[in-house]
Every structure is written in C-alpha cells, then in structure tokens.
Amino acid sequence: MNGQDGTNGMDEWDDEVDLNEHRSKTDDSEAIDFFPPNYRIGRTKYMFVTGGVMSGVGKGVFSASLGHLLKHYGFTVSQIKMDGYLNQDAGTINPYRHGEVFVLNDGTECDMDLGTYERFLDDDLNQYNYITSGKVYRIILDKERRGEYLGRDVQVVPHVTGEIKYLIRTKAHEGPYDIIVVEIGGTVGDIENIHFIEAAREMLYDEGRDHVMFAHVTQVPYNKSAGELKSKPTQHSVKALLQLGVQPDIIVCRSTIPLNTKIRQKISLYCNVSEKHVISSPDTDSIYRVPTLLDQQHTAQILAANLKLNLPQRFNRSRAFDIYLNYLSRSHKTVRIVITGKYTDLHDSYVSILNALDHSKVKLDVNLETEWIDTSEYSDGRPIKDNILDGISGIIAPGGFGERGAEGKIRFIQYAREHRIPFLGLCYGFQLAVVEFARNVCGLKNAAHTEFDEHSDMPVIYLLPEQRKLAEMGGTMRLGGHEVKIIRDTLAYKCYQAEQVTERFRHRYEFNNDYKDAIEKQGMIFSGMTPDEEIMQILEIPEHPYFIGTQFHPELTSRPYHPQPLFQAFLQAACAYAEDAKTDVPDQVTVQAGQEE
Ligand code: GLN
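A short tour of the structure in this document, coming up. This one's a predicted model, so the numbers in the text were calculated from it and none came from an experiment. (Residues numbered from 1 in each chain as written. Predicted model: local features only at pLDDT ≥ 70, side-chain atom pairs only at ≥ 80, totals over all residues. Heavy atoms only, no water.)

1. Quick look at the overall build of the protein chain
Here is step 1: Across its full length, the protein chain holds 17 helices and 23 strands.
Here is step 2: A compact globule built from 597 residues should have a C-alpha radius of gyration of about 25 Å, and the protein chain, at 26 Å, falls within 12% of that.
Here is step 3: Along the longest, intermediate and shortest principal axes, the C-alpha atoms of the protein chain span 75 × 60 × 50 Å.
Here is step 4: At a minimum sequence separation of 6, the contacts of the protein chain that also span at least 24 residues come to 73%. (Helix = DSSP H or I, 4+ residues; strand = E, 2+ residues; numbered from the N terminus. Rg over C-alpha atoms; globule rule 2.2 N^0.38 Å. Contact = heavy atoms within 4.5 Å.)

Shown next as structure tokens:
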C-alpha cells in the first residue's frame, strides 16, 4: 500500500467482513462460495464501467484514464476488460473485425483496450485482466465434467456469474490492489453481456455499497437544428441499466461540446445521480487530456467518498502525459512515413504501431504524417509508381498472416532497401524482409515463406518445429514475452544499449538457419536471437541507413513514459532521411536511442 504517510488510505474505514458469514456449504443452500482462498472483502474496491446509447463512445479511454488518475493519487490500481464473445481470447478474431490483437507478457491474446490500459497504467497486465464469455464457459464446462459442482444443475446464475466474480476477485487478490476498474464490453441491453452486468450487480450485494461503484458512459448527442445537447438517449440507457438492478453512481457523458448546467440538471434528475456526479467528457484533441479532465471534475474525490477511502496523496500529474500535452501546443517539422499492410481501412488493426510512433514523435519533437498502402493491390506484379512514395521518409511493414498482400509487402521492402529509405519490419515484416533479401540479393530466386508456399524447395522461413504437430489454432502460437539476446556492435545494440531485452511475440514461423550463412555473406546480419542462439529475432543491414526487422512486436511494449527504442531510432532515421532527401542519399545515422525519460 502506498499512502504517503505509509497508510493504505482506508484505515478509518476499515470494515472488512468475515467471509465465513457469507458462506454456506450445505447441499440445499443457494449460496455458493465464489471467493478465492484468503480473499478479504473490503480490501479491494471495484468500479464497474458500463456503456450506454451506442458502442465506440470511449469507455476504454475513460476506464484507462480513471485507472491512471487513481494511480497518480497514490492507489494501487489494476483494470479488467470483460468481453461478451464466446472466443476464449482475441487470438482467433480477425483484426479487421475487432481491431488489433494485443498480446500480454504472459502470452494472453486480448482486446486492444488492454493495450490502452497498459499504456495509461504503465504496468504489465496478465490473463486475469481479460475475461471473455468463452473463457468463463470453458472453466465451467471443464469443472462440470470433473464433477466439481457437486450434483447441482449448472446455471447462468449463480455459476456463470459466480465464476466471473471469482476471476475478478482473483485479480484483486493477486495485487492486492486498492481499486480495480472493470470495464464491461458492449452496450447495456446487449444479450451477450448481460451476465457480466448481473455479476457486477451481485458483487455490489456480496461486498457491500462501500466497496463497489458503477460508472455509466453514454453519448449525449448534439441536435443541430435545436442547437442543444439531448439527454433522452442517456435517460433510456440508464433505465435499461436499472432494469438489470444497477443504479449508476456516476454518469460520464461523451459529447462534442462540454455539458452545460441545464443538461447536467436534466441528467441528474432523470437518472438519480447528483449533478456533481454527471461528468462532462467532450471531444478533445488528445486522449492524454482525459485524466486531467476527470480530475477537474473531482472524479477521484467522488470515488473516494463513495468507497470510503482517503486519497493517499495529492494528484501527482504524470510527467509523460504533460510532455505530450506540451508537445501539442508547439508546431513541428513534419515527417511522412507509410504503413504497408492489408487492413489499412481499419486503423484500429494497427493501433499499437500508431501509439508507438506517437510516443517516439513526442520524444523527438517532430510531427508525423502516417500514410497507408494496401499491399494486396500490389501482389499482381504491378509496378510501384515512384510518386506514391514521394516525400516518404520511412516504411513500416507490419505483422500479418496469410498469402494476401504478402508479395506486395515484399515489393515495398525491396523498394525501401534499394532506395535506402528507413525501414522497420515487424514479425511478418521481418520474415518477408528475409524472403526479399534471399531472392533479390542472394540469388535464391525460389526463396519462399511456407505460410504461402508450403512445398517450396527454398523455405527460408518455415514453421517453428513445435508448431508442426499442432492441430488447434487458438492460443497455439509462440506467444508473449521472451528474452532476446542482442549482439554487441550492431544497430540493435546501439538502440537498446543492452545485451538482453524482453520483447513480446506472436508467431508460428521462423527463420530457417540453413540459410544463415548465405544471407549473412551478402550483408544482412542477425543482431538479436534467443539466448540459446537457435531462433533469429532481429535482422539488420549494416550498410543501409536504417533497416531493421524484428520477429517480435516492439510496438506492444512502447509506453508514453518510455518510447520503444527501435521505433524511436526508426523515426530518428526517418527525420535524417527527410533532411538529406532534399540534397543527397543519406549517410548512416547516429542513433541516440536507449535513453529513457
Ligand atoms: N504469419 C507469421 C507467423 O505466424 C507472422 C505473424 C505476425 O506477423 N504476427 O509467423
């Protein structure tokens, strides 16, 4: 616990409950124990966040901002996302449908909201921060087969809701945390999320009013012809929530303009919350403003009063966010870079890359314009017209799966290599950079990736040996944080300033070491690998200004507080390229990454 005075901020209110009073183990009792061993009611407080009116209003950003705010008031905080779908994790969901698949250090493949939480909390999360209906049902069906429900008929209430509560409490107990912010996916009224709301309602009952709160995030539309904000949709969504037995304690209103007193009063009256608990959250130019916006409306104080907590310290504003907001108030030189992928219509598919670029651009004090090229349009051998890359100072080949767009990606990698444009290849981008180099520099014309050429006689990238015997798709890739050994006197070493780093992976294929000598002889080197030197994990071309490929996803670990070193060095090289492009071919840049704030 971390109150400034060494207390936990809860001493005055310490009213932990004896769990045994709540438990009944007799066969005919309806009360079933869904508490982890040694769990203490009252030790952790919960804030459930529901959404109303429509999806995409920014529940994730509100939840992350609230977590950030509470952490900077001195509480220990964690966040949970609950998603209604029956997939056990996000690993089997197409990013074009649901946005990027984020990967946690422990290998959990999850919703991209978890990426926002990690960036706002500056903390590594794990499997307990992410609950899907699929995960809950898997637990239940396995338990049922083992006979662990002791002859009961297994029901949504209490078993599904009970297992949800158990998972939430397990996270709370793991810290233990002072506060957990639990975001319930979707919008109130969705059938697929109803068990999460019911579990949250039960938690209020189980743990008591002093320990559980609800925030409802809604859209308050602006009616142009009437010239006013409208509260009716919010009233309706709060009614829908009331029907489920939940009265929100605060209502967070997303709108294009700030709420005025009249609309606050209306929402307060119709939705049974005091005016002060109606929080205005108008559109802003940056999500990094949201914690301060919440603070200006005393959100942490409202929470502390409701949950009987003392604020451990004054709001200790985040330096990283301040740096970002100061950056926004200045103008900068612009650098243009391009992302060559196949989900370029849905930028959420690459959200961590965009965030990593943002962190680096602030550090380097430049403005960034990101352009998109759908490489599936280039797989037919169509030439890359010079002018589409005019003024571009860096190319990123992102991760990906399958054949579509792969040949097109290879062509852009070739262009970056030959035109000495700074290049960063991420996972699939690393693998395809090897294929390109083998074909066009080493003369291995048939060099291929077995993901799209299974029977190639020159498989420079092939399935990881442990992958060959797997039949299931979900959760079977090489996943999560693994150590990478960095070779001294390489560009990668200059960036990281370390001989060993941990990076996050999500792949099935790897470089085939039979081709290592042939590739290295021609000037592409492997500067990072597994500590046993078996799997190649970073490639670079030393005579190129900046050409790096990584088998891992460096974008997943970039934080506002410490931009990822390879991204930062890439952007720095892009700046140098932009400068030099006016006159000459760029020289090797001097990388000064590796230092942190
Ligand atoms: N499809 C490649 C593999 O499975 C790359 C994966 C990725 O880019 N995340 O190895």
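2. A closer look at the site of the ligand
Here is step 1: What surrounds the ligand is the set Gly399, Gly400, Phe401, Cys427, Tyr428, Gln431, Glu451, Arg506, His507, Arg508, Tyr509 and His553.
Here is step 2: Taking Glu451, its side chain carries an N or O atom lying 2.6 Å from a nitrogen atom of the ligand.
Here is step 3: Arg506 places a main-chain nitrogen or oxygen 2.9 Å from a nitrogen atom of the ligand.
Here is step 4: Protein chains shield 99% of the accessible area of the ligand, which is 300 Å² for the free molecule.
Here is step 5: Of all the secondary-structure elements, those providing two or more residues to the shell around the ligand are helix 14 (428–440) and strand 19 (500–507).
Here is step 6: Tallied by class, the residues present in the shell around the ligand amount to four nonpolar, five polar and three charged. (Near = heavy atom within 4 Å. Polar contact = N/O pair within 3.5 Å; in protein donor to acceptor, adjacent residues only side chain to side chain. Areas by Shrake-Rupley, 256 points an atom, 1.4 Å probe, with all protein chains shown as cover. Nonpolar A, V, L, I, M, F, W, Y, C, P; charged D, E, K, R; others polar.)

3. Describing the sheet that holds strand 14 (residues 394–397)
Here is step 1: In space, the nine strands of this open sheet follow the order 13-12-14-15-23-22-21-18-19, with mixed pairing throughout. Here the strands that pair on one side only, and so sit at the sheet edges, are strand 13 (367–374) and strand 19. On average, adjacent strands in this sheet sit at an angle of 25 degrees to one another, irrespective of strand direction.
Here is step 2: As defined by bridge partners, strand 18 (residues 478–486) adjoins strand 21 (residues 525–529) across two bridges and the pair is classed as antiparallel. Note on strand 21: the bridge partner recorded for Lys485 is Met529. (Pairing = 2+ DSSP bridges. Axes fitted to C-alpha atoms, helices over the stretch in contact; angles between N-to-C directions.)

4. Quick look at helix 10 (residues 299–306)
Here is step 1: Of all the residues in helix 10, the buried ones are Thr299, Ala300, Ile302, Leu303 and Ala304.
Here is step 2: One or two positions beyond helix 10, positive phi appears at Lys308, with a value near 55 degrees. (Buried < 20%, exposed > 50% of the residue type's maximum accessible area, 1.4 Å probe, protein only.)

5. Regarding the pattern of salt bridges
Here is step 1: In total, this model carries 38 salt bridges according to the counting rule given.
Here is step 2: Residue Arg201 pairs with Glu198 through a salt bridge whose shortest N-O separation is 2.9 Å. Of this pair, Arg201 and Glu198 are both found in helix 6 (residues 194–207), three residues apart, which corresponds to roughly one turn of the helix.
Here is step 3: Given the relative accessible area of 18%, Glu198 is considered buried.
Here is step 4: Among the ionic pairs, Lys333 bridges to Glu579, the shortest N-O distance being 3.7 Å. Remark: Glu579 occurs in helix 17 (residues 565–581) and Lys333 occurs in the loop between helix 11 (319–328) and strand 12 (334–341); sequence separation between them is 246 residues.
Here is step 5: The class for Lys333 is exposed, based on a relative accessible area of 56%.
Here is step 6: Residue Glu579 is classed as partly exposed on the basis of its relative accessible area, which comes to 39%.
Here is step 7: When salt bridges with common partners are traced through the structure, they connect Glu118, Asp122, Asp124, Arg504 and Arg559 into a single cluster. (Salt bridge = Lys/Arg side-chain N within 4 Å of Asp/Glu carboxyl O.)

6. Points about helix 13 (residues 406–418)
Here is step 1: With 13 residues, helix 13 extends 18 Å between its outermost C-alpha atoms, agreeing within 8% with the 18 Å of an ideal straight helix rising 1.5 Å per residue.
Here is step 2: Every buried residue of helix 13 is listed here: Ala406, Gly408, Lys409, Ile410, Phe412, Ile413, Tyr415, Ala416 and Arg417.
Here is step 3: On the buried face of helix 13, the contacting elements are strand 12, strand 13, strand 14, strand 15 (423–426), helix 14 and strand 23 (547–550). (Expected span 1.5 Å × (residues − 1).)

7. Comments concerning the side chain of Ser237
Here is step 1: Considering the arrangement of structural elements, one finds Ser237 in helix 7 (residues 232–243).
Here is step 2: For Ser237, a relative accessible area of 6% puts it in the buried group.
Here is step 3: Filtering out sequence-adjacent residues up to four positions away, Ser237 remains in contact with Gly52, Val53, Val188, His216 and Thr218.

That is the geometry; function is a separate question.
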